[in-house]
Amino acid sequence: MSVTKDCNGKTIPVYTKGTVAVCKTVSGAVPSDSVYSITINIEAKEKSIPKPGQFFMLRATKGKVLLGRPISVYHVTTQYLKSKGAVKKEASKNTSSQCAQIEFLILKKGKGTTELCSLEKNDSVDVLGPLGNIFPRPKTKKVCIIGGGIGVAPVAGFAETLDDKSYDFYACFKSGKYGLKNVKANKLYVATDDGSAGTKGMLPVLIDSEKIKERGYKEIYACGPTPMLAYVKHIAEKAGVKCWLSMESHMACGMGVCLGCTIETTEGYKRCCKDGPVFDSRVLIFNKPAPAAEQILEARKNKNVKPDLSVKIRDVVLPNPVIGSSGTFGFGTEYKDVIDVNKLGAIASKGLTIEPRQGNSGVRLWETPSGLMNSIGLQNPGIPHFIEHELPAMLKLKPVTIANLSGSSIETYIEGAKLLDKTDVPIIELNISCPNVAAGGAALGMSCTTAAAATKAIRAITKKPLIVKLTPQAADVTAIALSCIEAGADGISLCNSFQGVAIDIEKGRPVFDKIKAGFGGPAVRPIAMRLVYEVCSAIKKLPLEKQVPVIAIGGVATWEDAVEFIMAGAAAVEVGTNTFANPNTMIEVIEGLRSFMKRKGFRTLDDFRGCAL
């Protein structure tokens, strides 16, 4: 493996700010806006100029993602700097600094790459690199280069450094073709899955082990999707030909520190960023990927589906699984002029107590990275006022109304439940989880005994569907959920805000009068997902007649988040904090969920609910 670690004069990575020179769509890519060419100017030492096969960690400076994205170098041009701000093209090579103009091809796929593809001229980019090893120089003139999809970029960059017509180049795409403008191959072979360019089919229609022998190749270089690289490894080794593969993996640091990008080899786990990305194919181990869940595979057979997004909570049907979360959507009417609230599945009211409450004193909101802390303290007009004034307006809206019942003792919960039971409220959400009150409701949700007692007491009063809202602060949330189900809950909503503390560093004192405050937003989603997954897994083991729906709460910001929760077993999702950042969040979640179901062939939510369990 020593040869793949040799950069022929080791490059030195730098962390700097680059400037976008050009950002544009790549001609020939299908769909037309799926691949972008981004050219970035950086000032670097001569030893920081990338070599064929290397990559950079790129992050849009104004972007919102945490990590840079590993992007392979496609094309490099350099100019020596006479002095800062002045460029002289043919300066002495003894000049220490150079202006490197580096072109990358980026497949717009996730949030990070979408941010990079949205950059404009002169925008700033956080740049770390060059990183990784390089493609070893060929020792013969019988060279085969293979690129698949966006993997064409690094091998095309490598081919550009070779003598014209000293290699054959194979390029495969699902549709269209791109990235070949600098390729000066002896023979260029192109295949597309849909036949839109070159030969119809994928790599096997262009080359196999026999053709490797027939064409006399002695060395193979390849980059592309993992299944394609596994195939290249197989045919190269079957033909007895040396083969170098450029691999990819999820990365955090790019420097070999985090150990998150390891790849399995015959020599143990190797770091893709530091020991690679270029590997001798003989040491690589390609394990068969885990198949998709059975529900996913089964749905692929369905064509032209019209998704049904409806959800049933006992005998109440919600038109879709998206609910305005208690405390973040008022009583629904506040937002009716901003968004079409009638498109929602349901709206959970503000937390309601028998008596009016003014809530907590002092600071009530504090923004954090990817989240919002709050200490509202259940400010509300009281249940009698709600019944007379807010409830009629809520019931006129199309979404199902859910009354969020809170209190300070079992007695006050019971008194409130009696009043709500006499109304037309379709569903009651029993809130025994508020993190911003000193005692009472929150304490009831901390143990199986008290949670079950509260549920049983309210169950005895009303025949309406009863959802119990739990706290993530409890030691065993799953056990408490099961206790509530046994006591008569028709559903579980999980989970209320997490608790946190914030310090005002200018004053050196806690931000909130009550010290602790509720914390919600995208940052809590993975933890909420874990709790929902565990509770849904436990409910799935119950007899069918005792199984109840789980409503997921915690950091839902996109339709993808909703899909995750549903695949973890949730029947519906409540959207809270993100409504403040984007009032249209819930509408976007509904539309995205419908499009996802149509694309995947899901007729109902049950077709994929709990498929990850």
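Right above here is the structure, for reference.
Everything quoted here is computed from the prediction, not taken from an experiment.

Colleague: What is the right way to read the sheet that holds strand β10 (residues 167–173) from this model?
Modeller: Strands belonging to one sheet form pairs held by backbone hydrogen bonds; the direction of such a pair is parallel or antiparallel. Across the sheet, which stays open at both edges, the seven strands sit in the order β12-β11-β10-β9-β13-β14-β17 with mixed pairing between neighbours. Both outer strands of the open sheet, β12 (199–200) and β17 (278–280), are each paired with one neighbouring strand and no more. Taken together, the five bridges between strand β9 (residues 143–148) and strand β13 (residues 219–223) define a ladder with parallel strand orientation. In the sheet register, V143 faces β13, and the bridge partner there is E219.

Colleague: Can you walk me through the side chain of S34 in this structure?
Modeller: Of note, S34 is situated in the loop between β1 (14–25) and β2 (35–45). At 2.7 Å, the side chain of S34 and the backbone oxygen of P31 are in polar contact.

Colleague: Got a minute to help me understand helix α10 (residues 477–486) in this structure?
Modeller: Along an α-helix, residues three or four apart share an orientation, since each turn contains 3.6 residues. When you tally the buried positions in α10, you get seven out of 10 residues, the bulk of the element. Those residues of α10 lying buried are V477, T478, I480, A481, S483, C484 and I485. Where α10 is buried, its residues meet α9 (448–459), β26 (466–469), β27 (491–494) and α11 (525–540). Within two residues after α10, G488 carries a phi angle of roughly 120 degrees, on the positive side.

Colleague: Looking at this model, I keep getting lost on the pairing of β10. Mind explaining?
Modeller: A regular strand places its side chains so that they alternate between the two faces of the sheet. β10 sits mainly inside the fold: seven of its seven residues count as buried. Burial of β10 is two-sided: the residues Y167, F169, A171 and F173 facing one way and the residues D168, Y170 and C172 facing the other way are all buried. Taken together, the six bridges between β9 and β10 define a ladder with parallel strand orientation. In the strand pairing of β10, I146 is matched with Y170. Taken together, β9, helix α2 (residues 152–159) and β10 constitute a β-α-β crossover, and its handedness is right-handed.

Colleague: What's the story with the packing of aromatic side chains in this structure? I'm lost.
Modeller: A ring pair, where both rings are aromatic, is described by two values, the distance of the centres and the angle of the planes. The final tally for this structure, using the stated rule, is 13 aromatic pairs. Centroid distance F331 to F386: 5.6 Å. Interplanar angle 35 degrees. Geometry classified as tilted. Here the residue F331 occupies a position in the loop between β20 (322–324) and β21 (346–348), and F386 occupies one in helix α6 (residues 383–396), the gap between them amounting to 55 residues. F386 shares its class with F331; the two are buried. Centre to centre, the rings of F602 and F608 are 4.7 Å apart; their planes meet at 35 degrees, and the pair counts as tilted. Taking relative accessible area as the criterion, F602 reaches 0% and is therefore assigned buried. Classification of F608 by relative accessible area gives buried; the value is 0%.

Colleague: So what exactly am I meant to see when it comes to the layout of surface pockets here?
Modeller: Gaps left between atoms are located by rolling a probe of water-molecule size over the structure's atoms. Estimates place the volume of the second largest pocket at around 1300 Å³. In terms of lining residues, the second largest pocket is bounded by 33 residues, among which K111, R525, A557, T558 and D561 are the most central. Residue assignment for the lining of the second largest pocket shows that the elements contributing at least two residues are α1 (111–117), β22 (365–368), β23 (371–374), α11, α12 (559–567), α13 (578–581) and α14 (585–600). With four residues, the top contributor of residues to the lining of the second largest pocket is α12. For the lining of the second largest pocket, the class distribution of residues is 11 nonpolar, 11 polar and 11 charged.

Colleague: For this particular structure, what's the right way to read unusual backbone geometry?
Modeller: For residues that are not glycine, phi is negative in most cases, and the peptide bond is trans in most cases. The amide bond that connects V30 to the next residue, P31, takes the cis arrangement and shows omega of -5 degrees. Within the element layout of this structure, P31 appears in the loop between β1 and β2. With omega at 10 degrees, the peptide bond leading from G276 into P277 counts as cis. Residues other than glycine seldom take positive phi values, yet R314 does so here, at roughly 55 degrees.

Colleague: Before we go on, may I ask you to explain the packing of α11 against α12 in this structure?
Modeller: To characterise two packed helices, one gives the angle between the axes of the helices and the distance between these axes. It is the contact of α11 with α12, at a shortest axis distance of 9 Å, that shows an interaxial angle of 25 degrees. Accordingly, the angle class assigned to the pair α11 and α12 is roughly parallel. Relative to α12, the crossing made by α11 is right-handed. In contact with R525, A528, M529 and V532 of α11, α12 contributes D561, E564 and F565.

Colleague: Quick question: what am I supposed to make of the pairing of β23 here?
Modeller: Side chains G371 and M373 project from β23 onto one buried face, and the interleaved L372 and N374 project onto a second face that is buried too. Relative to β23, β22 runs antiparallel, the two being bridged by four bridges. Residue pairing across strands places E367 opposite L372, the latter belonging to β23.

Colleague: Looking at this model, I keep getting lost on the nonpolar core. Mind explaining?
Modeller: Across soluble globular proteins, nonpolar side chains show a tendency to be buried alongside one another. Within the largest apolar cluster, 96 residues are counted, with the highest numbers of intra-cluster contacts made by L470, I492 and F608. In terms of nonpolar packing, the next biggest core, distinct from the first, is built from 34 residues, Y170, L206, I212 and I263 among them.

Colleague: What is the right way to look at the environment of C117 in this model?
Modeller: Within the secondary structure, C117 sits in helix α1. Remark: the alpha-carbon pair of C117 and I38, spanning 79 residues in sequence, is separated by 7.5 Å. The residues touching C117, leaving out its near neighbours within four places in the chain, are C23, Y36, I38, I106 and K108.

Colleague: What exactly am I supposed to notice about a nonpolar patch on the surface here?
Modeller: Nonpolar side chains collect at one region of the surface, where V501, I503, I505 and I515 lie side by side and expose about 400 Å² of accessible area between them. With respect to the helices and strands, the residue I505 is situated in the loop between β29 (503–504) and β30 (509–510). Judged by its relative accessible area of 74%, I505 is exposed.

Colleague: How should I be thinking about the packing of α10 against α11 in this particular structure?
Modeller: Their axes nearest at 9 Å, the elements α10 and α11 cross at an angle of 45 degrees. Classified by the angle their axes make, α10 and α11 are oblique. For the pair α10 and α11, the sense of crossing is right-handed. Facing α10, whose interface residues are V477, T478, A481, L482 and I485, α11 presents L531, E534, V535, A538 and I539. Counted by class, the contact of α10 with α11 contains eight nonpolar, one polar and one charged residues.

How each quantity is defined
Here the residue index of a chain counts from 1 through its sequence in written order. Only residues with pLDDT of at least 70 get local features here, since the model is predicted, and only at 80 or more are side-chain atom pairs given and counted; chain-wide, interface and lining totals rely on the full set of residues. In computing side-chain properties, one takes all heavy atoms of the structure into account and sets aside hydrogens as well as water. By definition, two strands form a pair when at least two bridges between them are found by DSSP. In this description a helix means any DSSP run of H or I spanning at least four residues, a strand means any run of E spanning at least two, and both kinds are numbered starting from the N terminus. Throughout this description, a polar contact denotes any pair of N or O atoms lying within 3.5 Å of each other; where both atoms belong to protein, one of them has to be capable of donating a hydrogen while the other can accept it, and for residues adjacent in sequence the pair is counted only when both atoms sit in side chains. Each residue gets one of three labels from its accessible area relative to the maximum for its type: buried under 20%, exposed over 50%, partly exposed in between, using a 1.4 Å probe on protein chains only. Any pair of residues with heavy atoms lying within 4.5 Å of one another is described as a contacting pair. Assignment of crossover handedness uses the view with strands pointing away from the viewer, where a clockwise path from the first strand over the helix to the second indicates a right-handed crossover. Each Phe, Tyr or Trp ring (for Trp, its six-membered ring) is paired with any other whose centre lies within 6.5 Å, and the angle between the two planes then decides the class: stacked below 30 degrees, edge-to-face above 60, tilted in between. Cavity: a set of points on a 1 Å grid over the protein atoms alone where a 1.4 Å probe fits but cannot get out. Pocket: an open set with protein on both sides within 12 Å along at least five of seven lines, its lining residues, like those of a cavity, having an atom within 4 Å of a point. Grid points are joined across faces, edges and corners, and a volume is the space filled by probe spheres set on the points. Charged residues are taken to be Asp, Glu, Lys and Arg, nonpolar residues to be Ala, Val, Leu, Ile, Met, Phe, Trp, Tyr, Cys and Pro, and polar residues to be all remaining types, Gly included. Whenever a helix is involved, its axis is fitted only over the stretch in contact; in every case the axis is a line through C-alpha atoms, and angles between N-to-C directions fall within 0 to 180 degrees. Any angle that is under 35 degrees is reported as roughly parallel, and any over 145 degrees as roughly antiparallel; angles of 65 to 115 degrees are reported as roughly perpendicular and all others as oblique. We call a crossing left-handed when the near helix sits turned anticlockwise from the far one by less than a right angle, and right-handed when that turn is clockwise. Here the nonpolar core consists of buried residues drawn from Ala, Val, Leu, Ile, Met, Phe, Trp, Tyr and Cys, with membership extended through side-chain atoms lying within 4.5 Å. The patches reported here contain residues having more than 30% relative accessible area and no salt bridge. Joining distances are 9 Å for like charges and 5 Å for nonpolar side chains (Val, Leu, Ile, Met, Phe, Trp, Tyr). Each accessible area value is a Shrake-Rupley result obtained with a 1.4 Å probe; residue values ignore everything except the protein chains displayed when judging cover. The working definition used for a salt bridge is a side-chain nitrogen of Lys or Arg within 4 Å of a carboxyl oxygen of Asp or Glu.

Interpretation in functional terms is not warranted from these geometric data alone.
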